[in-house]
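# Structure at a glance
Here are the chains, one letter per residue:
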Amino acid sequence: MSMQPRGPGGRHGFATLSLDYPMSLGVFDKYQDAQKAVDVLSDKGFPVQNCLIVGTDLKQLERVTARLTWGRVILAGVLSGLWLGLFVGLIFALFNQQQSAFALLISCALYGALFGLIWSVIGYAFTRGQRDFQSVSQVVATKYEVFVEHKFAQQGRDILAQAGIFGAGHTIYTPPSAATQPPPSNRDLS
């Protein structure tokens, strides 16, 4: 991700994720196509620090990975608690000179496993069988729109049109004009 210049309220050296007066250059079906459009602009010397790629039409995907049973809940709780206990025990062992480091490590791991077991069982019991599966989820965009500061919009459209970027799956933004708008209706409303 490239760094944009500092904008209103932005911190120096950090990317700002907004434009002052954005205008759309085009809508793309794939992120790679939007990225290619910005790359073409960059190759032509366009000030790409004034560009913004926005994922739109978001949807959430959830992939079910396994059935959730009491056995899986207990095992996952014990294992996660064990890892946490080992980590805490290692930290304690580094700074404790009075006890055996190995005994401290083992006792912290066992307490961690017990804590993980109790925590996971309580959490699963509160669901009351409403969610008996494990899953991973992701939010993805179905369209990607390239925006640019208004003062560079026409220059950007010209460069992309010359490069032939807009084909199947791409929509170039054209601002509405008086010639494309239908004439007002003269219907009598009485």
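Keep in mind the model is a prediction, meaning the values are calculated, not measured.

Cut-off values and rules
Residues numbered from 1 in each chain as written. Predicted model: local features only at pLDDT ≥ 70, side-chain atom pairs only at ≥ 80, totals over all residues. Heavy atoms only, no water. Helix = DSSP H or I, 4+ residues; strand = E, 2+ residues; numbered from the N terminus. Expected span 1.5 Å × (residues − 1). Buried < 20%, exposed > 50% of the residue type's maximum accessible area, 1.4 Å probe, protein only. Contact = heavy atoms within 4.5 Å. Pairing = 2+ DSSP bridges. Phe/Tyr/Trp six-rings, centres within 6.5 Å; stacked < 30°, edge-to-face > 60°. Salt bridge = Lys/Arg side-chain N within 4 Å of Asp/Glu carboxyl O.

Spanning 26 residues, helix H2 (residues 70–95) covers 38 Å between terminal C-alpha atoms, matching the ideal 38 Å at 1.5 Å per step. Residues of H2 that are buried: Val73, Gly77, Gly81, Gly85, Gly89 and Ala93. Tucked into the core, H2 has its buried residues touching helix H3 (101–127).

Moving on, we come to the pairing of strand E3 (residues 133–149). It is a general feature of regular strands that their side chains alternate between the two faces of the sheet. For strand E1 (residues 22–28) and E3, the ladder comprises six bridges, and the chain directions are antiparallel. Its bridge partner lying in E3, Ser24 is registered against Phe147. In this structure, strand E2 (residues 51–67) lies alongside E3, joined through 15 bridges in antiparallel fashion. By the bridge assignment for E3, Thr56 is matched with Lys143.

Moving on, we get to the packing of aromatic side chains. Each pair of aromatic rings is reported with the distance of its centres and the angle of its planes. Applying the stated criterion to the full structure yields four aromatic pairs. Ring centres 6.0 Å apart and planes at 80° place the aromatic pair Phe46 and Phe152 in the edge-to-face group. Note that Phe46 is positioned in the loop between helix H1 (31–43) and E2 and Phe152 in the loop between E3 and helix H4 (153–163), a separation of 106 residues in sequence. For Phe46, a relative accessible area of 3% translates into the label buried. Ring plane angle 20° and centroid distance 5.9 Å describe the contact between Phe115 and Trp119, whose orientation is recorded as stacked. With a gap of four residues between them, Phe115 and Trp119 both fall in helix H3, about one helical turn apart. Judged by relative accessible area, which is 48%, Phe115 ranks as partly exposed.

With that settled, the discussion passes to the pattern of salt bridges. Taken as a whole and assessed by the stated rule, the structure comprises two salt bridges. Ionic pairing is found between Asp29 and Lys143, a salt bridge with its closest N-O pair at 2.8 Å. Highlighted residues: Asp29 in the loop between E1 and H1 and Lys143 in strand E3, separated in sequence by 114 residues. Note on Asp29: relative accessible area 36%, which makes it partly exposed. Between Glu62 and Arg131 there is a salt bridge, and its shortest N-O distance comes to 2.6 Å.

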